[in-house]
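# Close look at the chain arrangement
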Amino acid sequence: MTPILPGATIGFLGGGQLGRMTAFAARSMGYDIHVLDPDAACASHAVASRTITAGFNDIAAAIELAKGCDVVTLEIEQIHPDVLDAVAAHTALRPGRAPVYIIQDRIRQKQWLQAQRFPLGAFVAAASAADVDAAVRAHGPCIAKSTHGGYDGRGQVRLREPEQAADAWDALGSRTCLVEKMISIDYEISVMVARRPGGEMAVYPPSRNHHTSGILTWAVVPAVISDAMTAKAKTLAASIAERIGIVGLLAVECFVTTDGELLVNELAPRPHNSYHHSERGLATSQFEQLVRAVCDLPLGSTEVHAPSAIVNLLGEVWLQHQPPHTTYALEVPGTRLHLYGKAGARSGRKMGHLSAVGESAQQALGRVLESYRRLSPETIASFDVHEPVLAHSTN
């Protein structure tokens, strides 16, 4: 295949913060950027030379984007399949339609992973409240999830008793949903894989992640887990990326159970919140790597240059009585502030993140959490920003 060289134009389906950060990386490499997003003032708008304001089901707008680009990628998977087909008919679409189609529906994704014999927790595709009830009776406490969207803790309902099934079904819109058995989790990790059109892959070291109410609170690399689990997780993620045929990035979110099992949670065919620290501590950020992969350039090294960590900044930081203490927060050594250019803070909305590097994963995480405490002390009671001890796990 012929590489798409600097000077060419990369199109993005989606103009959120993932597109913005990838666009910065692409700009530094000499590429032009076009974006399609429903919001004219989307986060990527300031970085793109052209923003097409349209929905993710607008075929005409997608064709307009494709005709002006040498390659089109995405930063959100909830793109209508007909739009993906329309783009692919006019220019290179990476990732292709097939992996996105599998991943964008949670039930379809789980069923594909199951058919490929990848390790999963128990799940049920529920087509009625009675199905939800039966799932809880069969598996005990469960989580019911909408099949599309519902990121960052939205579109999810926890069920302890079968009697909660009807309310959960109603809360999820009385539509087919995924019901998953609750897992006894020791810790959470993710693995990022980059893959070129010809099949060459680069696998990142696992990221150790922590969530609060379904939203990523912090992530750190190295993950401080056993060498055996690191190797197992990287092999698993690479196998999934190869089998699904992704071109670009694939983030594989995993649980490690208290029994030491490695289970796949979810897949994402794009940059991932848990690898924002790659911009600080790894040889090649996930954002530059996406550009390299979709343009069919040699993939960059995934070596860890410095332990690094991030903590998310949600809208709550700006909704307190006192404004963020930016100056005080950035006095912590090794820290940086990353804001996404979003207008209007609201509860749960990702507005930016803090990052830090250190001599160890523990120090990097400690620094970024200390910076967060200084930035917004009033939010500490609401979010789990304590500093855990990253003891070396035998799992």
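Values in this document were obtained by computation on a predicted structure and should not be read as measured data.

## So, the overall build of the protein chain
If you tally the helices and strands in the protein chain, you get twelve helices and 18 strands. Its C-alpha radius of gyration of 21 Å places the protein chain within 12% of the 21 Å reference for a compact globule of 395 residues. Its C-alpha atoms give the protein chain principal-axis dimensions of about 55 × 50 × 45 Å. Per-residue burial over the protein chain gives 57% buried out of 395 residues. Partitioning the contacts of the protein chain with sequence separation of at least 6, the portion at a separation of at least 24 is 63%. Between the centroid of the 34 positive side chains of the protein chain and the centroid of its 39 negative side chains there is a distance of 3 Å.

## Notes on the pattern of salt bridges
As enumerated under the stated definition, the model contains 15 salt bridges in all. Of the charged contacts in the structure, one is a salt bridge between R137 and D133, with a shortest N-O distance of 2.5 Å. With R137 and D133 both in helix α6 (residues 129-139) and four residues apart, this pair spans about one turn of that helix. R137 gets classed as exposed once you look at its relative accessible area, which sits at 56%.

## Description of the pairing of strand β13 (residues 215-221)
In terms of burial, β13 is a largely internal element, seven of the seven residues being buried. Counting the residues in the hairpin turn of strand β12 (residues 207-212) and β13 gives two residues, including S213, whose phi is positive at 55°. Alignment of β13 against strand β16 (residues 308-314), held across four bridges, turns out to be antiparallel. Residue pairing in the sheet places V221 in a bridge with S308 of β16.

## Considerations on unusual backbone geometry
Most peptide bonds take the trans configuration, and most residues that are not glycine carry a negative phi. Look at the link from R94 to P95: it is a cis peptide, with omega at 5°. Mapping P95 onto the fold places it in the loop between β5 (92-93) and α4 (97-103). Cis geometry marks the peptide bond from V221 to P222; its omega dihedral reads 0°. Relative to the helices and strands, P222 resides in the loop between β13 and α8 (227-244). Positive phi is not limited to glycine here, since R117 has a value of about 65°. You can see R117 is positioned in the loop between α5 (106-115) and β6 (123-126). Assessed through its relative accessible area of 77%, R117 is described here as exposed. With a phi angle near 55°, S213 is a residue other than glycine that sits in the positive phi range. Mapped onto the elements, S213 comes out in the loop between β12 and β13. The exposure class assigned to S213 is exposed, which follows from its relative accessible area of 67%.

What counts and what doesn't
- Residues numbered from 1 in each chain as written.
- Predicted model: local features only at pLDDT ≥ 70, side-chain atom pairs only at ≥ 80, totals over all residues.
- Heavy atoms only, no water.
- Helix = DSSP H or I, 4+ residues; strand = E, 2+ residues; numbered from the N terminus.
- Rg over C-alpha atoms; globule rule 2.2 N^0.38 Å.
- Buried < 20%, exposed > 50% of the residue type's maximum accessible area, 1.4 Å probe, protein only.
- Contact = heavy atoms within 4.5 Å.
- Lys, Arg positive; Asp, Glu negative; His and termini not counted.
- Charge placed at Lys NZ, Arg CZ, Asp CG, Glu CD.
- Salt bridge = Lys/Arg side-chain N within 4 Å of Asp/Glu carboxyl O.
- Pairing = 2+ DSSP bridges.

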